[in-house]
Amino acid sequence: MSKDTTNQTAEALFEKALSIAEKHLDEAIKEGGPLGPYIAVAMIEAAVNSAVDETSHEDVIDMLRDLAAQIEADADEAEED
């Protein structure tokens, strides 16, 4: 399997995982009512803790750095529009 194919497969798996996570987050926020913003942040903490348990601190730190870079890129694009 080529590196491009592997990356495409990994991206597709991540997109599916993200879809599932967003569905559950939306339900938790609805259930929490006025606690919605706190629930969203608590879900981040719970997800990070679970990810560390499943992988390693280093892997999670790398993933969070990638996520931060994506957020910054999105913000830069929004400012340009």
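Placed above this text is the structure.
Residues numbered from 1 in each chain as written. Predicted model: local features only at pLDDT ≥ 70, side-chain atom pairs only at ≥ 80, totals over all residues. Heavy atoms only, no water.

Asks: An account of the overall build of the protein is needed here, citing residue identities and associated values.
Replies: Within the protein, the regular secondary structure consists of three helices and zero strands. From first element to last, N terminus to C terminus, the protein shows the α and β order α-α-α. In terms of principal-axis extent, the alpha carbons of the protein reach across some 45 × 40 × 25 Å. Here the protein holds 81 residues, and 6% of them are scored as buried. Total accessible area on the protein stands at roughly 7000 Å², and carbon and sulfur atoms take up 57% of it. In the protein, the 5 positive side-chain charges and the 21 negative ones have mean positions that sit 8 Å from each other. (Helix = DSSP H or I, 4+ residues; strand = E, 2+ residues; numbered from the N terminus. Buried < 20%, exposed > 50% of the residue type's maximum accessible area, 1.4 Å probe, protein only. Areas by Shrake-Rupley, 256 points an atom, 1.4 Å probe, with all protein chains shown as cover. Lys, Arg positive; Asp, Glu negative; His and termini not counted. Charge placed at Lys NZ, Arg CZ, Asp CG, Glu CD.)

Asks: Just give me the short version of the environment of Asp26, but keep the residues and values in it.
Replies: In this structure, Asp26 sits in helix α1 (residues 3-32). Remark: the alpha-carbon pair of Asp26 and Leu64, spanning 38 residues in sequence, is separated by 21 Å.

Asks: Before we move on, could you go through the layout of surface pockets and cite the residues and values that matter?
Replies: The gaps of empty space that remain are located by a probe, the size of a water molecule, rolled over the atoms. By volume, the largest pocket is sized at about 1000 Å³. Together, 22 residues line the largest pocket, and Phe14, Leu18, Ala21, Ala47 and Leu67 are the ones closest to its centre. At the level of secondary structure, the elements contributing two or more residues to the lining of the largest pocket comprise α1, α2 (36-54) and α3 (57-80). The biggest single contributor to the lining of the largest pocket is α1, with 10 residues. Across the lining of the largest pocket, the residue classes tally to 16 nonpolar, two polar and four charged. (1 Å grid on protein atoms, 1.4 Å probe; cavity = no way out; pocket = protein on both sides within 12 Å on 5 of 7 lines; lining within 4 Å. Points joined across faces, edges and corners; volume = space filled by probe spheres on them. Nonpolar A, V, L, I, M, F, W, Y, C, P; charged D, E, K, R; others polar.)

Asks: Describe the packing of α2 against α3, naming the residues involved and giving the relevant values.
Replies: The contact between α2 and α3 brings their axes to 7 Å, and the two run at 135°. Regarding the angle of α2 to α3, the classification is oblique. Side by side, α2 and α3 meet where Val48, Ala51 and Val52 of the first sit next to His57, Val60 and Leu64 of the second. Partitioning the contact of α2 with α3 into residue classes produces five nonpolar, one polar and no charged. (Axes fitted to C-alpha atoms, helices over the stretch in contact; angles between N-to-C directions. Parallel < 35°, antiparallel > 145°, perpendicular 65-115°, else oblique. Contact = heavy atoms within 4.5 Å.)

Asks: Could you give me a rundown of the environment of Glu80, with the residues and numbers involved?
Replies: In this fold, Glu80 is placed in helix α3. Judged by relative accessible area, which is 67%, Glu80 ranks as exposed. In sequence terms Glu80 and Gln70 are 10 residues apart; their C-alpha atoms lie 15 Å from each other.

Asks: Which residues make up the pattern of salt bridges, and what values go with them?
Replies: Two side chains with opposite charge may pair up if their charged atoms get near one another. The full count for this structure, using the stated rule, is two salt bridges. Note that Glu27 and Lys30 form a salt bridge whose closest N and O atoms lie 3.8 Å from each other. Of the two residues, Glu27 and Lys30 are both situated in helix α1; the distance of three residues between them amounts to about one turn of the helix. When its relative accessible area of 62% is taken as the criterion, Lys30 is described as exposed. For Asp62, the salt bridge is made with Arg65, and the minimal N-O distance between the two is 4.0 Å. (Salt bridge = Lys/Arg side-chain N within 4 Å of Asp/Glu carboxyl O.)

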